[in-house]
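Results of the structural survey
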Amino acid sequence: MTKLNALLFDVDGTLADTEADGHRIAFNKAFAEADIDWNWNVELYGKLLAVTGGKERIKFYMEDFLSDFSPKNGEDIQQFVAALHKRKTFFYLEMLQQGEIPLRSGVKRLLNEARAEGLRLGIATTTTPENVTYLLTATLGEESLEWFEVIAAGDIVPAKKPAADIYQYAMDKMGISADETLAFEDSENGILSSNGASLRTIITTNSYTMNHDFSDALIVLDQMGEDGQPFNVLAGDAGTHQQLTVAMLQELHARSLISGKKEALE
Ligand code: XBP
Ligand code: MG
């Protein structure tokens, strides 16, 4: 039977809860700096998260939420969006550097455990590459960038999540098959992408995604868990486990291979 050899992690919502108190704030700072009277509150931002990619999200907002917005002095839309997103990224990176965005529960523990067990690690995310390297450096130290064989991020692929491109790209770069790999996601767009690449997927939900459709997940948890801070199982069977460990991943992976299903949910 194929052994579990590799783990592919999503970033936003999975490694860290970055959206409501991170990206959203950075977008609003960029709008204010550009003297644009847009303010994405938590509720509106939750709707805008239907579209992955910050530039795509700004365009989505302009097209679907504003009636007839056009940039001042007739600036080209693409240029306007790119410039606004560049400043948003500047503000987001500032927040990361100031340590304002911590890793989610259990992430550091699982990464260290996986490394100790010799599992290969990769990242597959829609976000801008610098957002990943700054998050990892701020939370795990610069050496952590070496832990991941590939950081597949942002515009490196033609189609963002829910398209499978980013996961396919990461697997191609690492030379790994779907059967030897598990993916970690937090959202419906994310699992559509990972499943699109035939990857078995572990879900940890967050406030924006707890009601998403995760019927194709191996298991749905509210967090990865720590000693004294057990996860809650929202769907699937964790046996006697109370935190996401390599041993639990190996069990889920083996069970899924035996059942032949990409999802182990009852
Ligand atoms: C989440 C996204 C990203 C971020 C914003 O990516 O969709 O677009 O919301 O980052 P994932 P950018 O869950 O795949 O990590 O503004 O850099 O796109
Ligand atoms: Mg995500």
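As shown above, the structure is provided for reference.
Below: a short report on this structure.

Basis of the calculations
Residues numbered from 1 in each chain as written. Chains lettered and ligands numbered in written order. Predicted model: local features only at pLDDT ≥ 70, side-chain atom pairs only at ≥ 80, totals over all residues. Heavy atoms only, no water. Donors = N, O, S within 2.8 Å, 3.2 Å for Na, K, Ca; no water. Helix = DSSP H or I, 4+ residues; strand = E, 2+ residues; numbered from the N terminus. Buried < 20%, exposed > 50% of the residue type's maximum accessible area, 1.4 Å probe, protein only. Salt bridge = Lys/Arg side-chain N within 4 Å of Asp/Glu carboxyl O.

1. Quick notes on the coordination of the magnesium ion (ligand 2)
Within the protein, D10 (OD), D12 (O) and D186 (OD) serve as the donor atoms for the magnesium ion (ligand 2), at 2.1 to 2.3 Å. All donor residues of the magnesium ion (ligand 2) come from one chain, and their arrangement in sequence is D-x1-D-x173-D. With a gap of 176 residues between them, D10 in the loop between β1 (6-9) and α1 (19-33) and D186 in the loop between β4 (181-185) and α8 (188-196) connect regions that are remote in the sequence. The pair formed by D10 and D186 is uniform in burial state, with each residue classed as buried.

2. Focus: the pattern of salt bridges
What the rule picks out here adds up to eleven salt bridges. With a shortest N-O distance of 3.8 Å, K47 and E43 are connected by a salt bridge. Of this pair, K47 and E43 both sit in helix α2 (residues 42-48), separated by four residues, roughly a single helical turn. By relative accessible area, which is 46% here, K47 ends up partly exposed. With a shortest N-O distance of 2.7 Å, R120 and E149 are connected by a salt bridge. Taken together, the positions of R120 in strand β2 (residues 120-125) and E149 in strand β3 (residues 148-153) put the pair 29 residues apart, joining distant regions of the chain. The class of E149 is partly exposed, set by a relative accessible area of 45%.

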